[in-house]
Amino acid sequence: MSYTDHKNSMDTYGVELCEKHKTRMDKLHRLNKTPIEAIKLYYGLKEAGANPMLEWWDGKKSVDIAFSRVKLNIEIDTDYHMMTHEQALNDLENTMHSFKNGFTTIRIPHTLIKHFLSETVGNIIGIKEELRTRKKVI
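Report on the accompanying structure.

What counts and what doesn't
Residues numbered from 1 in each chain as written. Predicted model: local features only at pLDDT ≥ 70, side-chain atom pairs only at ≥ 80, totals over all residues. Heavy atoms only, no water. Helix = DSSP H or I, 4+ residues; strand = E, 2+ residues; numbered from the N terminus. Expected span 1.5 Å × (residues − 1). Buried < 20%, exposed > 50% of the residue type's maximum accessible area, 1.4 Å probe, protein only. Arc of directions from axis to C-beta. Salt bridge = Lys/Arg side-chain N within 4 Å of Asp/Glu carboxyl O. Pairing = 2+ DSSP bridges.

Brief notes about helix α2 (residues 19-32)
Right, on to step 1. An ideal rise of 1.5 Å per residue puts 20 Å on 14 residues; α2 measures up with 19 Å between its terminal C-alpha atoms.
Right, on to step 2. Buried within α2 are the following residues: K22, M25 and L28. The buried residues of α2 all sit within an arc of 125° when viewed along its axis, so they share a single face. Along α2, exposed side chains directed more than 90 degrees from the buried face belong to K20, R30 and L31.

The following block contains the structure:
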């Protein structure tokens, strides 16, 4: 991998990627419109020892990041400041669909990941662990 490729993956995704994985993430972003912040969060969670899934199919739609064992879906909001009431209602209905299937969905503004990645990762790990603990109790 050239210095330019290395620099681009660090600048874009905040993590050093080999050419194969960088190409895969570029394609995911381009074709699925996966937010760059979702990819950054995915790698941040992996670095913290978690095992998230990127672009996970929940049976109705693709979820940005998921922890299927604890039934946690994470959606990254990129245009929340320009959201219409139709989009908000659609998001609420999707959340209800997930909840009916036992999933907790959290929405994270992309700016939170951009400016507070480590704190966001820490809080998601805490939520994941709490869901895992509750699942054991039930």
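Some details on helix α4 (residues 85-100)
Three- or four-residue spacings in an α-helix give side chains the same orientation, since the helix completes a turn every 3.6 residues.
Right, on to step 1. Spanning 16 residues, α4 covers 22 Å between terminal C-alpha atoms, matching the ideal 22 Å at 1.5 Å per step.
Right, on to step 2. Looking only at α4, the buried set comprises D91, N94 and S98. All buried residues of α4 lie within an arc of 65° about the axis, which places them on one face of the element. Turned more than 90 degrees from where α4 packs its buried face, H85, L92, F99 and K100 sit exposed.

Here we look at the pattern of salt bridges
Right, on to step 1. On inspection of all chains with the given rule, the structure shows 7 salt bridges.
Right, on to step 2. Where E129 meets K128, a salt bridge forms, and the shortest distance between an N and an O atom there is 3.2 Å.
Right, on to step 3. Residue class for E129 comes out partly exposed when judged on its relative accessible area of 27%.
Right, on to step 4. Taking relative accessible area as the criterion, K128 reaches 17% and is therefore assigned buried.
Right, on to step 5. The salt bridge partner of R134 is E130, with a shortest N-O separation of 3.1 Å. Separated by 4 residues within a single helix, R134 and E130 lie in helix α6 (residues 117-137), roughly one turn from each other.
Right, on to step 6. E130 gets classed as partly exposed once you look at its relative accessible area, which sits at 41%.
Right, on to step 7. A cluster of three or more residues bridged by salt bridges with shared partners is formed by D77, D91 and R107.

Let's talk about the pairing of strand β1 (residues 53-57)
Right, on to step 1. Both β1 and strand β2 (residues 62-67) contribute to a ladder of 4 bridges, which runs antiparallel. When the bridges of β2 are listed, W57 appears paired with S62.
Right, on to step 2. Linking two consecutive strands that pair antiparallel, namely β1 and β2, is a turn of 4 residues; a positive phi of about 105° is found at G59 within it.

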